[in-house]
Amino acid sequence: FEPDFIIVHVGDDRDIPLVCIEVKKEGWSYKSAGVQLHEYVEVLASKDPHDEFVGILVFGGKFYCYSVHGRRAPTLGGDGWETADNLEGVFEKVAKGVL
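Residues numbered from 1 in each chain as written. Predicted model: local features only at pLDDT ≥ 70, side-chain atom pairs only at ≥ 80, totals over all residues. Heavy atoms only, no water.

Trainee: Let's hear about the overall build of the protein chain: which residues, and what values?
Mentor: Scanning the protein chain from N- to C-terminus turns up 2 helices and 6 strands. When the elements of the protein chain are put in sequence order from the N terminus, they spell out β-β-α-β-β-β-β-α. For the protein chain, the residues scored as buried account for 36% of the 99 residues in total. For the protein chain, long-range pairs separated by at least 24 residues make up 48% of all intrachain contacts whose partners lie at least 6 apart in sequence. (Helix = DSSP H or I, 4+ residues; strand = E, 2+ residues; numbered from the N terminus. Buried < 20%, exposed > 50% of the residue type's maximum accessible area, 1.4 Å probe, protein only. Contact = heavy atoms within 4.5 Å.)

Listed below in structure tokens is the structure:
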């Protein structure tokens, strides 16, 4: 179990998972990368993550978001969002929901 990044909220009683990030270069299979992220999300789901928890697959210059319930905020045609333009907004949304 080694996602590229996990962001947690450190609480008095326990650490609460907020974001799991997996980064893949272009040339990887999108399907296998998605399966890998889904496995990470399943493990973190058992640790009672925050309601705003999101799994993020950064795939080349695009990214895709997932919740513990599956795909979250799908894009038109499933093409993902431009990482350079929109990834910051995902972190802002999670931070606002947590703080």
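Read on, since the account is not over.
Trainee: Please provide a residue-by-residue account of the nonpolar core, values included.
Mentor: Among the nonpolar cores identified, the biggest contains 12 residues, and these are Leu18, Val19, Ile21, Val54, Ile56, Val58, Phe63, Cys65, Leu87, Val90, Val94 and Val98. When residues of this core are traced back to their parent elements, those giving at least two are strand 2 (15-24), strand 3 (54-59), strand 4 (62-67) and helix 2 (83-98). In terms of residue count, helix 2 provides more of this core than any other element does, 4 residues in total. Beyond its immediate chain neighbours, meaning those up to four positions away, Ile21 contacts Pro3, Asp4, Phe5, Ile7, Ile56, Val58 and Phe91. Among the nonpolar cores identified, the runner-up in size contains 11 residues, and Cys20, Val41, Leu44 and Leu57 belong to it. (Core = buried A, V, L, I, M, F, W, Y, C linked by side-chain atoms within 4.5 Å.)

Trainee: An account of unusual backbone geometry is requested, with residue identities and associated values reported.
Mentor: One non-glycine residue with positive phi stands out, namely Asp48, at about 55°. On the secondary structure map, Asp48 appears in the loop between helix 1 (30-45) and strand 3.

Trainee: Go over the pattern of salt bridges, please, and point to the residues and values.
Mentor: On inspection of all chains with the given rule, the structure shows 2 salt bridges. Notably, a salt bridge pairs Asp48 with Arg14, separated by 3.2 Å at the nearest N-O pair. Pair noted here: Asp48 is in the loop between helix 1 and strand 3 and Arg14 is in the loop between strand 1 (5-10) and strand 2, with a separation of 34 residues, a long-range link. Note on Arg14: relative accessible area 34%, which makes it partly exposed. Two residues, Lys24 and Glu22, come together in a salt bridge whose shortest N-O distance is 3.1 Å. For the pair shown, Lys24 and Glu22 are each scored as buried. (Salt bridge = Lys/Arg side-chain N within 4 Å of Asp/Glu carboxyl O.)

Trainee: Before we move on, could you go through the environment of Glu2 and cite the residues and values that matter?
Mentor: Mapping Glu2 onto the fold places it in the segment before strand 1. Residue classification places Glu2 among the exposed residues on the basis of a relative accessible area of 67%. With 38 residues separating them in the primary sequence, Glu2 and Tyr40 have C-alpha atoms 8.1 Å apart. With sequence-adjacent residues up to four places away left out, Glu2 is seen in contact with Glu22 and Tyr40.

Trainee: Summarise the pairing of strand 3; cite the residues concerned and give the values.
Mentor: For strand 3, the tally of buried residues reaches 6 of 6 residues, placing the bulk of the element in the interior. Here strand 3 shows a buried face lined by Val54, Ile56 and Val58 and a second buried face lined by Gly55, Leu57 and Phe59. Note: strand 2 against strand 3, 6 bridges, orientation parallel. Bridge assignment links Cys20 to a residue of strand 3, and that residue is Gly55. At this point the chain moves from strand 2, through helix 1, to the parallel strand 3, and the crossover so formed is right-handed. Connecting strand 3 to the next strand, strand 4, in antiparallel fashion are 2 residues, including Gly60 with a positive phi near 65°. (Pairing = 2+ DSSP bridges. Right-handed = clockwise from strand over helix to strand, strands pointing away.)

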